[in-house]
Amino acid sequence: MATRSTAEEHLRIIRSLMEKATIYRAISVPTALVGGCAGILAAAFFHFSWRPGDYRQAESHLFLGCWLTALVIAAVGNIYFLRADARRRGEKFVSAGMRAALRALWPSYLVAATLTILWMDSAELLPVWWMLLYGLGLLGTQHFAPRSITLLGWAFLIAGLLAMIGSHWAGALVGREDGMLLAGNLAMGLTFGGFHLIYAVCAWPRASRVVEGRGEAMDAGNAP
Amino acid sequence: MFDFDKLDKVIHEKSRLGIMTLLAARPSWTFQDLKAELELSDGNLVTHLRTLHENGYVAVTKEVLDRPQTSYALTTKGRKLFQEYLSILEQIVKLGRPGGEDDKVTR
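Procedures and definitions
Residues numbered from 1 in each chain as written. Chains lettered and ligands numbered in written order. Predicted model: local features only at pLDDT ≥ 70, side-chain atom pairs only at ≥ 80, totals over all residues. Helix = DSSP H or I, 4+ residues; strand = E, 2+ residues; numbered from the N terminus. Buried ≥ 20, exposed ≤ 12 C-beta atoms within 10 Å, placed from the backbone. pLDDT = per-residue confidence, 0-100. Contact = placed C-beta atoms within 7 Å. Arc of directions from axis to C-beta. Pairing = 2+ DSSP bridges. Axes fitted to C-alpha atoms, helices over the stretch in contact; angles between N-to-C directions. Core = buried A, V, L, I, M, F, W, Y, C linked by C-beta atoms within 7 Å.

Student: How should the overall build of chain A be read in this particular structure?
Tutor: A count of helices and strands for chain A gives seven helices and zero strands. N-terminal to C-terminal, the α/β element order of chain A is α-α-α-α-α-α-α. Within chain A, the fraction of its 224 residues that count as buried is 36%.

Student: Would you take a moment to explain the confidence of the model for chain A for this structure?
Tutor: Do not read the fine detail of predicted coordinates wherever pLDDT is low. Residue and element names in this part refer to chain A. Of all residues in chain A, 82% have pLDDT values of 70 or greater, and the mean over the chain is 81. Averaged over each element, pLDDT in chain A is lowest for helix α1 (residues 4-22) (80) and highest for helix α5 (residues 126-139) (95). In the model, residues 209-224 has pLDDT below 50 throughout and makes 22 contacts with residues more than four positions away in sequence or in other chains.

Student: Would you explain unusual backbone geometry in this entry?
Tutor: What is expected of a backbone is that most residues other than glycine have negative phi and most peptide bonds are trans. Residues and elements named next belong to chain B. Phi at glutamate 39 is positive, roughly 55°, even though this residue is not glycine. Note on placement: glutamate 39 falls in the loop between α3 (31-38) and α4 (42-54). With 9 C-beta atoms counted inside 10 Å, the residue glutamate 39 sits in the exposed group.

Student: I'm lost on α3 of chain B in this one. Help?
Tutor: An α-helix turns once per 3.6 residues; consequently, residues spaced three or four apart project the same way. Residue and element names in this part refer to chain B. Residues of α3 that are buried: Asp33, Leu34 and Glu37. With its buried residues spanning 100° around the axis, α3 presents them on a single face. Glutamate 39, located one to two residues past α3, shows a positive phi value of around 55°.

Student: Can you help me understand the sheet that holds strand β2 (residues 58-64) of chain B in this one?
Tutor: Residue and element names in this part refer to chain B. Strand order in the open sheet made by the three strands is β1-β3-β2, with antiparallel pairing throughout. Looking at strand neighbours, the two that pair on one side only are β1 (29-30) and β2, the edges of this open sheet. Bridging between β1 and strand β3 (residues 68-74) involves two bridges; their strand directions are antiparallel. Counterpart to tryptophan 29 in the pairing with β3 is tyrosine 72. Across the face of the sheet, helix α2 (residues 14-25) comes into contact with β1, β2 and β3 while running at roughly 90° to β3.

Student: Explain the environment of alanine 38 of chain A to me, please; I cannot follow it from the model alone.
Tutor: All names here are of chain A. Tracing the backbone shows alanine 38 in helix α2 (residues 29-49). Look at alanine 38 and you get buried, because 23 C-beta atoms sit within 10 Å. Along the primary structure alanine 38 and cysteine 66 are separated by 28 residues, whereas in three dimensions their C-alpha atoms are 9.4 Å apart. Setting aside chain neighbours within four positions, we find alanine 38 in contact with Ala70, Ile73 and Ala74.

Student: Would you explain the nonpolar core in this entry?
Tutor: Side chains that are nonpolar tend, in soluble globular proteins, to be buried together. Among the nonpolar cores identified, the biggest contains 45 residues, and Ala42, Met131 and Phe156 of chain A are the most heavily contacted of them. Of all the elements in the fold, those that place two or more residues in this core are α2, α3 (56-88), α4 (96-118), α5, α6 (147-174) and α7 (180-212) of chain A. With residues up to four places along the chain from it excluded, the contact list for methionine 131 of chain A reads Phe156, Ala159, Gly160, Ala163 and Thr191 of chain A. Leu17 of chain A together with Ile19, Leu34 and Val58 of chain B belong to the second-largest nonpolar core, a separate cluster that totals 24 residues.

So this is what it looks like as structure tokens:
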């Protein structure tokens, strides 16, 4: 016959499994901080290195160099922090959550990588595509990601759409592409730099509570 | 008096409870992911999944992508019964709290 203690034990099992299964933060909060700083630095470096009249191909390559460096820093940071987090919780690095996140992310990231390769010599539209595809990728994880990741995805998607409309109008009004990459770089700095920093600041206290009180506390945005 | 017959015997077994919980948390799980998360042997997991499937709690999808893969998901019936099971557990815990109706719980 079931007793209160059996019921409590079963509820504990359910809670702990739900926590493991439902919450997967594909971008660790410290990574967002590192990535955000790298994004701001990349944007600043390109902005101050850019000269009016630069060849389109040269400025595209400079732009790609700055932002791919920021991407590598953020990716290496993310692997490091996710691995440390998994070790602290006594879980595997490649967990079911990570596999689910990768399955959700890879289609949009594959498209982004393909577009980057194809348009590496004329990168004016890459900022818009990157913002849209990154946002869509994050939204693909919303079934198991904390609410903060979903909000970040929406922020990128909306910013990408606004940037796309803005670049369309600017192209129609001005009729030339001078400075378009500079504006795109500014949008990248605001989103990949600024949005990640805002995300890190907002999600940090909650993420710390979950780590400290594992088993007791749940991510408030995702408690089942 | 609490009626313990209300507790679903199929779900109440610990391993099956784990399976039902994971399936309730995400739309679908592959056999390998369930095995890794619950740390059950192949045989054990197959047996419990078969029980849940035969009782209509779990739907099975077999597909061949680059290799054969079996995925599991809760059926509507399974989800409903899991939620009922949860609310019964909560009632039991509530009854046992100080100021609750502990004396009425038959053991």
